[in-house]
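Fold and contact review
Each chain, letter by letter, is given below.
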Amino acid sequence: MSDMNTEERVNRARAIVEGAGERFTPLRAHVLELIIEDGKAIKAYDLLDRLKPDVGSPKPPTVYRALEFLSRHGLIHRVEALNAFIACDHSHTHTHDGDHGHDHHHLAEFFICENCSGVEERHAHDHGDCRPDGFAIHRSVVEHYGTCAACAA
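Quantities reported herein were computed from a predicted structural model and do not represent experimental measurements.

Topic: the overall build of the protein chain
- Of the regular secondary structure elements, the protein chain holds five helices and five strands.
- Counting from the amino terminus, the protein chain carries its helices and strands in the arrangement α-α-α-α-β-β-β-β-β-α.
- Every one of the 153 residues in the protein chain was classed for burial, and the buried ones make up 41%.
- Taken as a whole, the protein chain presents about 8,800 Å² of accessible surface, with 48% of it coming from carbon and sulfur.

Right, dumping it as C-alpha cells:
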C-alpha cells in the first residue's frame, strides 16, 4: 500500500494525467479519491451512489468513462472477477504514457480473499520473455484467490 495520503495520491495522478497532455477533471479526481478512500475493490454502481450527493447525480456512462480514463492512465485497475476497481499502488513504477512498445512490462497481480473480498495488489516485472514473437502486451492481470491473513487468523 502507498505511503502517500489521499490528497498526495490525487495530486500525483493529476501530474501524471496533465503530463500526458490530458485534463484531470473534478469528476475524475473525485472518482479516484473515492476509490482510494474505499481501500478495497469497489463496483461502479457503488461509486455512483457515493457520487450522487456531491456531483449532481451523474449517469452511469459518465462514471464508466471516468473509470476507463483512470484505468488507461494506470491510476486504477479493474479486478476482473469482482467486476470492481481498485486504486493503483504507486509505490512501484509504471509507464503511464501509453508507450505500449516499451520493453519493460508490468504485470498487476491481485490477491483476492474469498472470505472478506479484500484485494491486495502486487507487481511482477518484465514478462516480455514469455510472450509469443511479435505480440505486443498492452495490459496483464493475474488474480489469485484464497484467504487473507486477517481471515485466516
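Section: the packing of aromatic side chains
- Following the criterion strictly, the structure yields one aromatic pair and no others.
- Ring centres 6.4 Å apart and planes at 70° place the aromatic pair Y45 and Y64 in the edge-to-face group. With Y45 in helix α3 (residues 44–55) and Y64 in helix α4 (residues 60–72), the pair connects residues that are 19 residues apart, well separated along the chain.

Notes on the packing of helix α1 (residues 6–19) against helix α2 (residues 26–38)
- The interhelical angle for the contact between α1 and α2, taken along N-to-C directions, is 140°, at an axis separation of 10 Å. Taken together, α1 and α2 sit at an angle that is classed as oblique. Relative to α2, α1 is oriented so that their crossing is right-handed. For the pair α1 and α2, contact is made by T6, R9, V10, A13 and R14 and by A29, L32, E33, I36 and E37, respectively.

Structural notes on the packing of α2 against α4
- Interhelical geometry of α2 versus α4 gives an angle of 75° and a closest axis separation of 10 Å. Looking at the two axes, α2 sits roughly perpendicular to α4. Across from L27, R28, V31, L32 and I35 in α2, the residues of α4 making contact are T62, A66, L67, F69 and L70.
- Grouping the constituent residues of the contact of α2 with α4 by class yields eight nonpolar, one polar and one charged.

Structural notes on the confidence of the model for the protein chain
- Considering every residue of the protein chain, the mean pLDDT works out to 81; 79% of them sit at 70 or more.
- Below a pLDDT of 50 lies the segment residues 92–105, which in the model reaches 27 contacts outside its immediate sequence neighbourhood of four places, other chains included.

Concerning the pattern of salt bridges
- Counted according to the given criterion, the structure contains five salt bridges.
- R72 serves as the salt-bridge partner of E68, at 3.4 Å between the closest nitrogen and oxygen. In this pair, E68 and R72 both sit in helix α4, four residues apart, roughly one turn of the helix.
- The partly exposed category is assigned to E68, whose relative accessible area is 45%.
- Of the charged contacts in the structure, one is a salt bridge between R122 and E120, with a shortest N-O distance of 2.7 Å.
- On the accessibility criterion, E120 (41% relative accessible area) is partly exposed.

Reading the values: the criteria
Residues numbered from 1 in each chain as written. Predicted model: local features only at pLDDT ≥ 70, side-chain atom pairs only at ≥ 80, totals over all residues. Heavy atoms only, no water. Helix = DSSP H or I, 4+ residues; strand = E, 2+ residues; numbered from the N terminus. Buried < 20%, exposed > 50% of the residue type's maximum accessible area, 1.4 Å probe, protein only. Areas by Shrake-Rupley, 256 points an atom, 1.4 Å probe, with all protein chains shown as cover. Phe/Tyr/Trp six-rings, centres within 6.5 Å; stacked < 30°, edge-to-face > 60°. Axes fitted to C-alpha atoms, helices over the stretch in contact; angles between N-to-C directions. Parallel < 35°, antiparallel > 145°, perpendicular 65-115°, else oblique. Left-handed = near helix turned anticlockwise from the far one by under 90°. Contact = heavy atoms within 4.5 Å. Nonpolar A, V, L, I, M, F, W, Y, C, P; charged D, E, K, R; others polar. pLDDT = per-residue confidence, 0-100. Salt bridge = Lys/Arg side-chain N within 4 Å of Asp/Glu carboxyl O.

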